[in-house]
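Fold and contact review
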Amino acid sequence: MTTPGEEPEEHPTTRPGSYGEIAPGVPRYGQYAPAGWEPPQDVKDAQKGLTPPSALPAAPSYPGFQGQQPGLPADTGAPLAPPNRVVLATRLIMAAGVLQLVALVIWAFAMTTPAGQELLRSTVGQAMDTNPEAAAAVTEQQLFTTVAAFMAVIQAICVLGYFWIAAKLRRGRNWARITALVLAIISIALVPEGGSYSFYSGARIVLGLVAVFMLFRSPAKEFFLAHKARRGTQKR
């Protein structure tokens, strides 16, 4: 709209699909600037205030795969807390270790009683009767002492093994999970014929089997896979 006496302002016509003029003297989009053309002074002044590309901060890395397996949480560098199922499984294994310790204490106390010593002596005597060469090399008392010490050491190692494996499982060591599985299979294979077992031995087997079952189920499975993927990334 114009007032009386004012000449109407002419507006350049643009064709469909073309771009209008950005500023006076600035080539339109898609057009080449004529030879010797320089941008207006106000454009030059605006360009001086721009940050040069060399001063820009580095772009962050692509937050995609980041080395972890699909379906696993992204590795932020923080320690991975074991899920409740792994914690419960390790507690069951430690409970089995406590039962092993109780069995060791009872066995050590029994070795101080005449009945316990007589039971072990009869077992040693039967072994010597089946192997005359060994019976001629050592006395029955020497063999008794050796067998008693050997059994005590083996049971003590088993007690420490339960707690050691439980600690490694909480830290996400996959080899400890496989070791627990192998030991559970061996414990089943060593069940005597007829299935007769002491309370402590039977309870340890049941606790171990339940713990192993939990360690190979979700979310425990993903917890160990995440630890394995992290260690693989750190080795690169």
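Here's what I pulled together on the structure shown here. (Residues numbered from 1 in each chain as written. Predicted model: local features only at pLDDT ≥ 70, side-chain atom pairs only at ≥ 80, totals over all residues. Heavy atoms only, no water.)

Focus: helix 3 (residues 114–130)
Helical periodicity: at 3.6 residues per turn, an α-helix aligns residues three or four positions apart in one direction. A rise of 1.5 Å per residue sets the reference length of helix 3, with its 17 residues, at 24 Å; its end C-alpha atoms lie 24 Å apart and thus fit the reference within 8%. For helix 3, the complete set of buried residues consists of Gly116, Leu120, Val124, Gly125 and Met128. End-on, the buried residues of helix 3 take up no more than an arc of 165°, which puts them together on one face. Pointing more than 90 degrees away from the buried face of helix 3 are the exposed residues Ala115, Glu118, Leu119, Gln126, Asp129 and Thr130. (Helix = DSSP H or I, 4+ residues; strand = E, 2+ residues; numbered from the N terminus. Expected span 1.5 Å × (residues − 1). Buried < 20%, exposed > 50% of the residue type's maximum accessible area, 1.4 Å probe, protein only. Arc of directions from axis to C-beta.)

Overview of the packing of helix 2 (residues 84–110) against helix 5 (residues 140–170)
Packing of helix 2 against helix 5 leaves a shortest axis separation of 9 Å and a crossing angle of 165°. Taken together, helix 2 and helix 5 sit at an angle that is classed as roughly antiparallel. Along this stretch, helix 2 crosses helix 5, giving a crossing that reads as left-handed. Residue composition of the contact of helix 2 with helix 5, by class: 20 nonpolar, 4 polar and 2 charged. (Axes fitted to C-alpha atoms, helices over the stretch in contact; angles between N-to-C directions. Parallel < 35°, antiparallel > 145°, perpendicular 65-115°, else oblique. Left-handed = near helix turned anticlockwise from the far one by under 90°. Nonpolar A, V, L, I, M, F, W, Y, C, P; charged D, E, K, R; others polar.)

Considerations on the nonpolar core
With 14 residues, the main nonpolar core has Val86, Ala89, Ile93, Leu169, Ala211, Leu215 and Phe224 as its most contacted residues. For this core, the secondary-structure elements that each account for two or more residues are helix 2, helix 5, helix 7 (199–215) and helix 8 (220–235). With 4 residues, the single largest contributor to this core is helix 2. In this structure Ala89 touches Ala211, Met214 and Leu215, once residues within four positions along its chain are discounted. Ranked by size, the runner-up nonpolar core spans 8 residues in total, among them Trp107, Val124, Met128 and Ala148. (Core = buried A, V, L, I, M, F, W, Y, C linked by side-chain atoms within 4.5 Å. Contact = heavy atoms within 4.5 Å.)

Quick notes on the environment of Gln141
Along the chain, the position of Gln141 falls in helix 5. Separated by 17 residues in the primary sequence, Gln141 and Val124 place their C-alpha atoms 9.3 Å from one another.

Here's the deal with unusual backbone geometry
The amide bond that connects Ser218 to the next residue, Pro219, takes the cis arrangement and shows omega of 5°. As for its placement among the helices and strands, Pro219 is situated in the loop between helix 7 and helix 8.

Structural notes on a nonpolar patch on the surface
On the surface, a cluster of nonpolar side chains totalling about 680 Å² of accessible area is made up of Ile178, Leu181, Val182, Leu183, Ile185, Ile186, Leu190 and Phe216. Looking at where Ile186 falls in the secondary structure, it is placed in helix 6 (residues 174–189). (Patch = residues over 30% accessible without salt bridge, like charges linked within 9 Å, V, L, I, M, F, W, Y side chains within 5 Å. Areas by Shrake-Rupley, 256 points an atom, 1.4 Å probe, with all protein chains shown as cover. Salt bridge = Lys/Arg side-chain N within 4 Å of Asp/Glu carboxyl O.)

Section: the side chain of Gln155
Of note, Gln155 is situated in helix 5. If we skip the residues at most four places from it in the chain, Gln155 touches Gln100, Ala103, Leu104 and Trp107.

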